[in-house]
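Here are the chains, one letter per residue:
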Amino acid sequence: MSRYNPKELEAKWQKKWQSDKTFQVDLEKAEKPFYNLMMFPYPSGEGLHVGHVYAFGGSDTFGHFKKMQGYDVFEPMGFDSFGIHSENYAIKIGKHPRELIEETTKYFKEEQLDKLGALFDWSKSVTTSEASYYKWTQWLFIQLFKAGLAVRKKSSVDWCPSCLTVLADEQVIAGKCERCGTEVIQKELEQWFFKITDYAQRLLDNLEKIDWSETTKTMQRNWIGRSEGAEIIFKLRDVPGQEDDKHSVTVYTTRPDTIFGATFLVISPETVKSWLDIGFLAKDEVKKYVDESLNKTEVSRLAEGKDKTGVDTEIKAVHPLTGELLSVWVADYVLGSYGTGAIMAVPGHDQRDYDFAKKFGLPIVEVISGGDVKKEAWQGEGKLVNSEKFNGQSVEEAKINLSKYIEEKNSGSKKVNFHLRDWLVSRQRYWGPPIPMIYCESCAKDKKGEQEGMSGWYSVPEKDLPVELPYVEDYQPRGSGVSPLASVPSFLSVKCPGCGKDAKRETDVSDTFLDSSWYFLRYPSVGDDEVAFEPEVTKKWLPVNQYIGGNEHAVLHLLYTRFITMALSDLKLINFEEPFDKFRAHGLIIYKGAKMSKSRGNVVNPNEYMQAYGADTLKMYLLFIGPYELGGEFDDRAITGVYRFLNRVWTLVEGLEEVKESNKELETKLNSLIKKVSDDLENLRFNTAIAALMEFLNLVYKHQSNLSREIVLNYLKLLAPFAPFISEELWEKLGEKGSIHQQSWPEVGKVVEETSWQIVVQVNGKFRGKVEVAKDSSEDQVSQEAQKIPSVEKDLQDKQISNKVWVKGKLINFVAD
RNA sequence: GGGCAAGUGGCGGAACUGGUAUACGCGUAGGUCUCAAAAACCUAUGGUGGCAACACCUUGAGGGUUCGACCCCCUCCUUGCCCACCA
């Protein structure tokens with residue numbers, strides 16, 4: 001008899017599986033491909049934490065299960081090693097990111113990932129900061145540029161004063177930088193954008209077709225933020241320094257039904273700025289207000305909350321239906337970046353407009369009945385009033401009829417708007433793939449360029465890829481609006497691909513999210529230096545069958561991957577629009593009541609637990625905590641429960657004595673266990689599957705004397721996906737040939753086919769018990785069975801109730817006469 | 001303010017398409033083994049009353065539908081996550 005020694009046996013099998021290539025798949029020859037993907041980590045200095053073990057453990061357990069079901073499971077792993085995260089850490093500890101990444105990836109792989117017993121195929125791994133990978137990231141950029149989907153635009157963008165770079169809309173959370181929490185400020189800059197907004201409707205529509213966590217889909221829907229409404233044109237009067245009737249302003253509204261309640265217009269500071277730029281005159285007060293609000297951070301604009309500010313521009317606007325003259329105000333509660341940057345204010349039916357009107361003494365008109373507009377804006381349902389011939393219509397009717405009417409009067413049209421903004425991909429940082437573009441001043445003067453409307457700009461010829469990121473010592477961000485690469489002359493100067501004269505490279509690098517937006521496409525083609533993704537193997541393995549990761553990426557990574565995939569599909573480079581057939585978000589593992597984070601100092605390091613209990617126990621414990629999609633609280637005491645369980649399995653199998661006749665009850669139970677574990681695994685319900693395995697073991701301990709080898713072998717197979725090491729060791733100890741992970745998953749026998757029904761028995765509405773009856777039993781037979789319940793028998797004698805029954809569905813009910 | 005998810009023992013959590021709660025695990029108590037302890041194994045463990053058989057109560061709160069509700073409907077409260085002056 002030996003003791004269960006996880007440390008020793010896990011090291012043994014890790015080595016053996018590696019040398020035997022037990023888990024490797026031949027991508028070309030595979031017959032039943034299953035692409036099992038999990039989100040790759042960025043290699044931080046702290047190493048893998050328990051949350052990773054949870055995420056990867058669940059996904060990999062599923063992978064093992066699929067493998068035993070006969071699929072050729074491809075389960076790659078890699079590193080998202082470019083990006084501000086890694087760079088900031090490198091700066092902090094004073095080590096060059098390139099050297100740092102080499103160390104951290106090695107540590108991640110050898111000290112942590114390798115020890116999990118996962119199916120990872122390291123022969124197909126990617127590290128996004130390696131030239132062999134980012135060559136193709138750059139290639140991807142060029143494809144988008146050539147398709148007109150990568151453009152340079154000057155606009156007001158979010159700038160993080162701490163990270164010293166611009167950020168994408170998705171990377172700004174409530175006015176703060178997603179990474180460092182610093183308040184972002186607005187800067188007017190020319191930057192590279194990907195036109196994800198062109199795909200807004202498709203990104204929304206396709207959500208119906210994919211099997212993703214509902215929570216994730218909802219978040220994407222909200223982010224895309226489709227709204228239906230109308231654009232309405234208001235002619236302007238009394239514009240200082242301009243002739244009458246020459247100018248107009250277009251507003252966006254989702255409530256065209258309230259147009260008769262529009263009592264003034266509000267224009268965003270950004271829009272008014274553009275008016276001033278084209279020669280509108282305005283009093284100093286207006287100019288001052290515009291300047292001030294454009295310099296405010298998003299946060300301080302928000303912090304002022306409902307206390308509205310604004311200035312009357314003294315311009316007048318003509319109401320398109322009544323002809324009335326309305327005053328035009330500038331106020332920062334209207335955003336320049338949404339809709340048309342201007343609104344018609346309907347204070348009677350919009351709380352923000354109401355607050356504004358109250359503050360500045362502007363008129364409030366009720367046009368929808370149902371509320372009390374003297375007290376507050378009424379935003380509910382009702383009938384139209386004060387709306388001429390539309391009076392009496394419902395909001396729903398009026399929306400349709402008024403949009404139509406406005407359109408007939410040439411004063412506007414229906415319009416769909418999206419919250420989604422174009423993806424800003426430039427970063428003024430060092431640690432990323434250089435954007436593979438060249439700017440030629442000479443061509444710019446001649447209005448020449450590779451793409452229309454982008455004179456001076458050329459993509460780097462594909463044969464010159466990759467544009468290597470030069471190794472420089474001084475990689476600190478500058479804050480000057482350009483990346484550190486701008487001060488590397490050898491990098492900067494290049495010949496123009498258009499005219500051959502001296503030109504300059506783009507010095508910004510691209511967003512990390514571009515690196516990760518396509519890595520899953522690369523995995524199967526790793527090693528191929530001719531193409532980004534080899535057509536045959538891509539066709540065979542993609543789209544990904546199942547993807548698992550954290551929901552914090554619902555509107556970042558997961559939206560970008562969908563956009564990139566859709567764009568590549570349109571370019572005929574791949575033949576599918578959606579990257580992941582199935583996506584499931586796992587929950588968060590919390591510790592001491594809070595999300596694990598360095599700043600809170602409550603990060604659980606998996607290494608010590610792996611040392612003490614082994615990877616099998618740690619992983620299985622994490623999966624046992626609760627439903628996979630909910631996560632849960634890590635409790636260092638509770639982990640012993642799983643450890644005890646594995647020890648009990650060990651003891652049982654070690655001491656197994658052959659018996660010829662096996663216990664019938666156990667056989668039946670095993671069958672339902674197989675069904676239970678299979679169903680649960682299929683649906684990622686690891687916690688209940690593990691509970692069922694424990695329950696069975698408890699039962700086995702009571703029937704130990706007549707436990708058959710057959711049952712034990714099957715049981716080990718069911719355990720194998722959860723605890724790959726111990727099950728392999730015991731498989732070997734029992735003298736079985738080959739790896740347990742290459743065995744086929746146990747089949748559910750016929751015994752558990754449902755042949756009986758459970759029927760609930762009540763007497764005069766009171767519960768008396770349940771009976772099992774054959775499915776084809778007659779009413780009388782059911783009644784006979786039910787009467788065998790002692791209390792029913794008693795009732796029949798004592799209370800003299802009749803034995804008449806009625807059977808309704810699964811209910812049998814005895815009633816008094 | 002909007003959206004999403006969730007509220008079940010001392011704790012993490014089970015409960016099939018509504019079928020008569022608290023699976024599994026932790027913790028706790030008692031026992032076996034031991035000189036002793038740990039480990040392991042066995043037993044008990046929602047609450048209240050009772051020596052007891054047993055009775056009554058219990059899935060955030062309150063209503064409703066149903067023979068029957070943790071599950072469905074309505075109102076409210078709490079927590080977590082996401083978004084947020086998006087017209």
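Residues numbered from 1 in each chain as written. Chains lettered and ligands numbered in written order. Predicted model: local features only at pLDDT ≥ 70, side-chain atom pairs only at ≥ 80, totals over all residues. Heavy atoms only, no water.

Caption draft 1: Local environment of the overall build of chain A. A count of helices and strands for chain A gives 27 helices and 31 strands. Each of the three principal axes of chain A carries a C-alpha extent, and together these read 105 × 85 × 45 Å. The buried share of chain A, reckoned over its 817 residues, is 54%. When the accessible surface of chain A is totalled, it reaches about 36500 Å², and 48% of it is carbon and sulfur. Across chain A, 105 positive and 122 negative side-chain charges occur, with their mean positions spaced 1 Å apart. (Helix = DSSP H or I, 4+ residues; strand = E, 2+ residues; numbered from the N terminus. Buried < 20%, exposed > 50% of the residue type's maximum accessible area, 1.4 Å probe, protein only. Areas by Shrake-Rupley, 256 points an atom, 1.4 Å probe, with all protein chains shown as cover. Lys, Arg positive; Asp, Glu negative; His and termini not counted. Charge placed at Lys NZ, Arg CZ, Asp CG, Glu CD.)

Caption draft 2: How the structure looks around the nonpolar core. Within the largest apolar cluster, 100 residues are counted, with the highest numbers of intra-cluster contacts made by Phe 194, Trp 423, Tyr 519 and Ile 564. Apart from the residues within four sequence positions on either side, Phe 194 is in contact with Phe 141, Leu 144, Leu 149, Ala 150, Asp 422, Trp 423, Val 425, Leu 514, Phe 563 and Ile 564. By size, the runner-up hydrophobic cluster in this structure holds 85 residues, among which are Met 38, Ala 615, Ile 639 and Val 677. (Core = buried A, V, L, I, M, F, W, Y, C linked by side-chain atoms within 4.5 Å. Contact = heavy atoms within 4.5 Å.)

Caption draft 3: Molecular detail of the sheet that holds strand S25 (residues 588-591). In space, the 3 strands of this open sheet follow the order S26-S25-S27, with mixed pairing throughout. The open sheet terminates on both sides in strands that have one partner only, identified here as strand S26 (594-595) and strand S27 (631-633). (Pairing = 2+ DSSP bridges.)

Caption draft 4: Region of the structure containing the environment of Met 437. Position of Met 437 relative to the elements: it lies in strand S18 (residues 437-439). Judged by relative accessible area, Met 437 falls into the buried class, the value being 1%. Separated by 299 residues in sequence, Met 437 and Gln 138 place their C-alpha atoms 9.2 Å apart. Residues in contact with Met 437, not counting those within four places in the same chain, are Phe 141, Phe 145, Trp 192, Trp 457, Tyr 458, Ser 459, Val 460, Lys 504, Arg 505 and Glu 506.

Caption draft 5: Focus on helix H20 (residues 615-624). Buried residues dominate H20, accounting for 9 of its 10 residues. If you check which residues of H20 are buried, you get Ala 615, Asp 616, Thr 617, Leu 618, Lys 619, Met 620, Tyr 621, Leu 622 and Leu 623.

Caption draft 6: Representation of the packing of helix H21 (residues 639-654) against helix H24 (residues 709-719). In the contact formed by H21 and H24, the axes pass within 12 Å of each other and the chain directions differ by 155 degrees. Between H21 and H24, the angle is such that the two are roughly antiparallel. Considering how the two elements wind past one another, H21 and H24 form a crossing that is left-handed. The residues of H24 that touch H21, namely those facing Phe 645, Leu 646, Val 649 and Val 653, are Val 712, Tyr 715, Leu 716 and Leu 719. Its residues placed into classes, the contact of H21 with H24 shows 8 nonpolar, no polar and no charged. (Axes fitted to C-alpha atoms, helices over the stretch in contact; angles between N-to-C directions. Parallel < 35°, antiparallel > 145°, perpendicular 65-115°, else oblique. Left-handed = near helix turned anticlockwise from the far one by under 90°. Nonpolar A, V, L, I, M, F, W, Y, C, P; charged D, E, K, R; others polar.)

Caption draft 7: Layout of the environment of Gly 632. Secondary-structure assignment places Gly 632 in strand S27. The buried category is assigned to Gly 632, whose relative accessible area is 16%. Apart from residues lying up to four places away in sequence, Gly 632 is in contact with Leu 588, Ile 589, Ile 590 and Ile 625.

Caption draft 8: How the structure looks around the pattern of salt bridges. Per the stated rule, a full pass over the model turns up 37 salt bridges. Note that Glu 103 and Lys 95 form a salt bridge whose closest N and O atoms lie 3.0 Å from each other. We classify Lys 95 as partly exposed; its relative accessible area is 30%. A salt bridge links Asp 372 to Lys 375; the shortest N-O distance between them is 3.3 Å. Residue class for Asp 372 comes out partly exposed when judged on its relative accessible area of 36%. (Salt bridge = Lys/Arg side-chain N within 4 Å of Asp/Glu carboxyl O.)

Caption draft 9: Inspection of the pairing of strand S1 (residues 33-38) at higher detail. The buried count for S1 comes to 5 of 6 residues, which makes it a mostly enclosed element. Pairing analysis gives 3 bridges linking S1 to strand S2 (residues 72-74), with the strands arranged parallel. By the bridge assignment, Tyr 35 is partnered in S2 with Phe 74. Handedness of the crossover joining S1 and S2 through helix H2 (residues 50-68) is recorded here as right-handed. Across 3 bridges, the pairing between S1 and strand S23 (residues 546-550) is parallel. Looking across to S23, one finds that Leu 37 is bridged to Tyr 547. (Right-handed = clockwise from strand over helix to strand, strands pointing away.)

Caption draft 10: How the structure looks around helix H9 (residues 284-295). Helix length check: H9 (12 residues) gives 17 Å between terminal C-alpha atoms against 16 Å at 1.5 Å per residue, within 8%. Within the sequence span of H9, burial applies to Val 286, Tyr 289, Val 290 and Ser 293. Take H9 and look down its axis: the buried residues cluster within an arc of 100 degrees, on one side only. For H9, the exposed residues lying more than 90 degrees away from the buried face are Asp 284, Lys 288 and Asn 295. (Expected span 1.5 Å × (residues − 1). Arc of directions from axis to C-beta.)

Caption draft 11: Representation of the packing of aromatic side chains in the model. In this structure the tally under the stated criterion is 57 aromatic pairs. Ring geometry for Phe 82 and Tyr 134: centres 5.5 Å apart, planes at 45 degrees, overall tilted. In this pair, Phe 82 sits in the loop between S2 and helix H3 (84-93) while Tyr 134 sits in helix H5 (residues 131-146), placing the two residues 52 residues apart along the sequence. Comparing Phe 82 with Tyr 134 shows no difference in burial state: the two are buried. Where Tyr 628 meets Phe 686, the ring centres are 5.0 Å apart and the plane angle is 90 degrees; that geometry is what we call edge-to-face. Taken together, the residues span a long stretch of sequence, with Tyr 628 in the loop between H20 and S27 and Phe 686 in helix H23 (residues 686-702) at a distance of 58 residues. The two residues Tyr 628 and Phe 686 agree in class, both being buried. Aromatic ring contacts, followed pair by pair, group Phe 141, Phe 145, Trp 192, Phe 194, Tyr 199, Trp 423, Tyr 439, Trp 457, Phe 513, Tyr 560 and Phe 563 into a single cluster. Positioned above the aromatic ring of Trp 122, the side-chain terminus of Lys 109 is 5.0 Å from the ring centre. Its end group placed over the ring of Phe 491, Arg 505 keeps NZ or CZ at 5.7 Å from the ring centre. (Phe/Tyr/Trp six-rings, centres within 6.5 Å; stacked < 30°, edge-to-face > 60°. Lys NZ or Arg CZ within 6 Å of the ring centre and 35° of its normal.)

Caption draft 12: View of the sheet that holds strand S21 (residues 502-505). Reading across the sheet, the 4 strands line up as S19-S18-S21-S20 and stay open at both edges, with antiparallel pairing between neighbours. Two strands close off the open sheet at either side, each with one partner strand: strand S19 (457-459) and strand S20 (493-495). Across the sheet, the mean angle separating the axes of adjacent strands is 45 degrees when strand polarity is ignored. Here S18 pairs with S19 via 3 bridges, running antiparallel. The partner of Ile 438 across the bridge, within S19, is Tyr 458. Strands in contact with H5 are S18 and S19; relative to S19, the strand with the most contacts, it is inclined by about 130 degrees.

Caption draft 13: Local environment of unusual backbone geometry. The omega torsion of the bond from Leu 465 to Pro 466 falls at 0 degrees, within 30 degrees of zero and hence cis. Locating Pro 466 in the fold gives a position in the loop between S19 and helix H14 (489-492). Between Leu 542 and Pro 543 the backbone carries a cis peptide bond, its omega angle lying at -5 degrees. Position of Pro 543 relative to the elements: it lies in the loop between helix H17 (535-541) and S23. Here the phi dihedral of Asn 386 falls at roughly 50 degrees; this positive angle occurs in a residue that is not glycine. Counting through the fold element by element, Asn 386 comes out in the loop between helix H11 (351-360) and helix H12 (395-408). Positive phi, normally seen in glycine, also occurs at Lys 572, with a value near 65 degrees. With respect to the element layout, Lys 572 can be found in the loop between helix H18 (557-570) and strand S24 (582-586).

Function-wise, these values are silent; they only describe arrangement.
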